[in-house]
Amino acid sequence: MKIKVFDNPTQMGYMIAKEVAAQLNTKPESVLILPTGSTPIPTYKSIVEMYKNGEVSFKDAVTFNLDEYIGIESDHEERYYNFMQRNLFSHVDIKPENINIPDNQTTDCEKECVDYEAKYRASGCADLALLGIGNNGHIGFNEPGTAFDSVTHVTSIAESTIKANARFFASEDLVPKQAMTMGISTILSAKKIFILITGKGKHDILMKLLDTAVADESIPATALRLHPDVTIYADREAAGLI
Ligand code: GLP
């Protein structure tokens, strides 16, 4: 794993946006895996600016989001579908039919996961995946203990993740308890992976990720050790003195 450290999240977001633009300019029909959470917001802001300046187009791009809550109203701000519309998709020229996010309005989430994985694999798999990380090392909603050979599945959200995500909801009780998420093997199928880590609060998990030389299912992000092309993008606060 390589690591790149930036002065602040804005600068980091700009550099990642430039990489995304380079990917789409080289291969306009690229398949991207995209994350939600607060960490990718500066990246999405920069991508939207670049789009407005004519530096990038999503005309032929295909995107797959990592995950989605189960049991959240269709118009809820924190539904990841709405998050993605607000922060990226409504501002660029992506075709609606090329946007993929697990559909949480279905009555059969298990089937939705099987179909989602099949559609993703049929796309040829991602050219580039952007990921965030939870304080407990989760990627997507793959919580500690998730098998590294997992594919898209329904999962229970860990207590610590519910607490961490409570800041986005009126109260902790309102945080969904379940989600659909790409599995770890789904994520590892991407040709190139960037993991985005910002803020003091993520320093400990970044250190754990760097110190754990062997992939360990109790820290899901360490699965990235099994992949040949991973870059950690960190800001100075998360990186500390490294
Ligand atoms: C959520 C998402 C993850 C995200 C993580 C970190 O639970 N399911 O995909 O990476 O939390 O979020 P943040 O960037 O807000 O710290």
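To be clear, the structure that these remarks concern was listed above.
About the criteria used
- Residues numbered from 1 in each chain as written.
- Predicted model: local features only at pLDDT ≥ 70, side-chain atom pairs only at ≥ 80, totals over all residues.
- Heavy atoms only, no water.
- Near = heavy atom within 4 Å.
- Polar contact = N/O pair within 3.5 Å; in protein donor to acceptor, adjacent residues only side chain to side chain.
- Areas by Shrake-Rupley, 256 points an atom, 1.4 Å probe, with all protein chains shown as cover.
- 1 Å grid on protein atoms, 1.4 Å probe; cavity = no way out; pocket = protein on both sides within 12 Å on 5 of 7 lines; lining within 4 Å.
- Sits in = over half its atoms within 2 Å of the grid points.
- Core = buried A, V, L, I, M, F, W, Y, C linked by side-chain atoms within 4.5 Å.
- Buried < 20%, exposed > 50% of the residue type's maximum accessible area, 1.4 Å probe, protein only.
- Helix = DSSP H or I, 4+ residues; strand = E, 2+ residues; numbered from the N terminus.
- Contact = heavy atoms within 4.5 Å.
- Expected span 1.5 Å × (residues − 1).
- Pairing = 2+ DSSP bridges.
- Axes fitted to C-alpha atoms, helices over the stretch in contact; angles between N-to-C directions.

Asks: I'd like a description of the site of the ligand, backed by residues and values.
Replies: Near the ligand, the surroundings consist of 14 residues, among which Ser38, Thr39, Asp67, Arg167 and Lys202 are the closest. Between Thr39 and the ligand, the recorded distance is 2.5 Å, taken from a side-chain N or O atom to an oxygen atom. Between the ligand and the protein, one listed contact pairs an oxygen atom with a side-chain N or O atom of His138 at 3.2 Å. Within the complex, 95% of the 400 Å² of free accessible area of the ligand lies under protein. The cavity that encloses the ligand is the largest pocket.

Asks: An account of the nonpolar core is requested, with residue identities and associated values reported.
Replies: Counting residues in hydrophobic clusters, the biggest one holds 31 residues, and the most contacted among them are Ile33, Leu131, Met182, Ile193, Ile195, Ile197 and Leu206. Those elements that provide at least two residues to this core are β2 (31–34), β3 (62–65), α4 (109–122), β6 (128–131), β9 (193–197), α7 (203–211), β10 (230–235) and α8 (236–239). Top element by residues in this core is α7. It accounts for 4 residues. Among all residues touching Ile197, those that are not within four sequence positions of it are Met12, Thr39, Ile133, Lys202, Leu206, Leu209, Ile232, Tyr233, Ala234, Asp235 and Ala238.

Asks: Tell me about helix α1 (residues 9–26), residues and numbers included.
Replies: With 18 residues, α1 ought to run about 26 Å at 1.5 Å a step, and its terminal C-alpha atoms sit 26 Å apart, in line with that. Measuring from the side-chain oxygen of the N-cap residue of α1 to the backbone nitrogen of Thr10 gives 3.1 Å; that N-cap residue is Asn8.

Asks: Which residues make up unusual backbone geometry, and what values do they have?
Replies: Even without being glycine, Cys125 reaches a positive phi, approximately 75°. Mapped onto the secondary structure, Cys125 falls in the loop between α4 and β6. Classification of Cys125 by relative accessible area gives buried; the value is 13%.

Asks: Could you give an account of the sheet that holds strand β7 (residues 153–156), naming the residues involved and the relevant values?
Replies: Here 3 strands make up an open sheet; going across it, the order is β4-β8-β7 and the pairing antiparallel. The open sheet is flanked by β4 (67–70) and β7, the only strands paired with a single partner. Taken over all neighbouring pairs, the strand axes of this sheet differ in orientation by 30° on average, direction set aside. Here β4 pairs with strand β8 (residues 178–181) via 4 bridges, running antiparallel. Pairing of Asp67 across the sheet is with Thr181, part of β8.

Any link to function would need more than the numbers given here.
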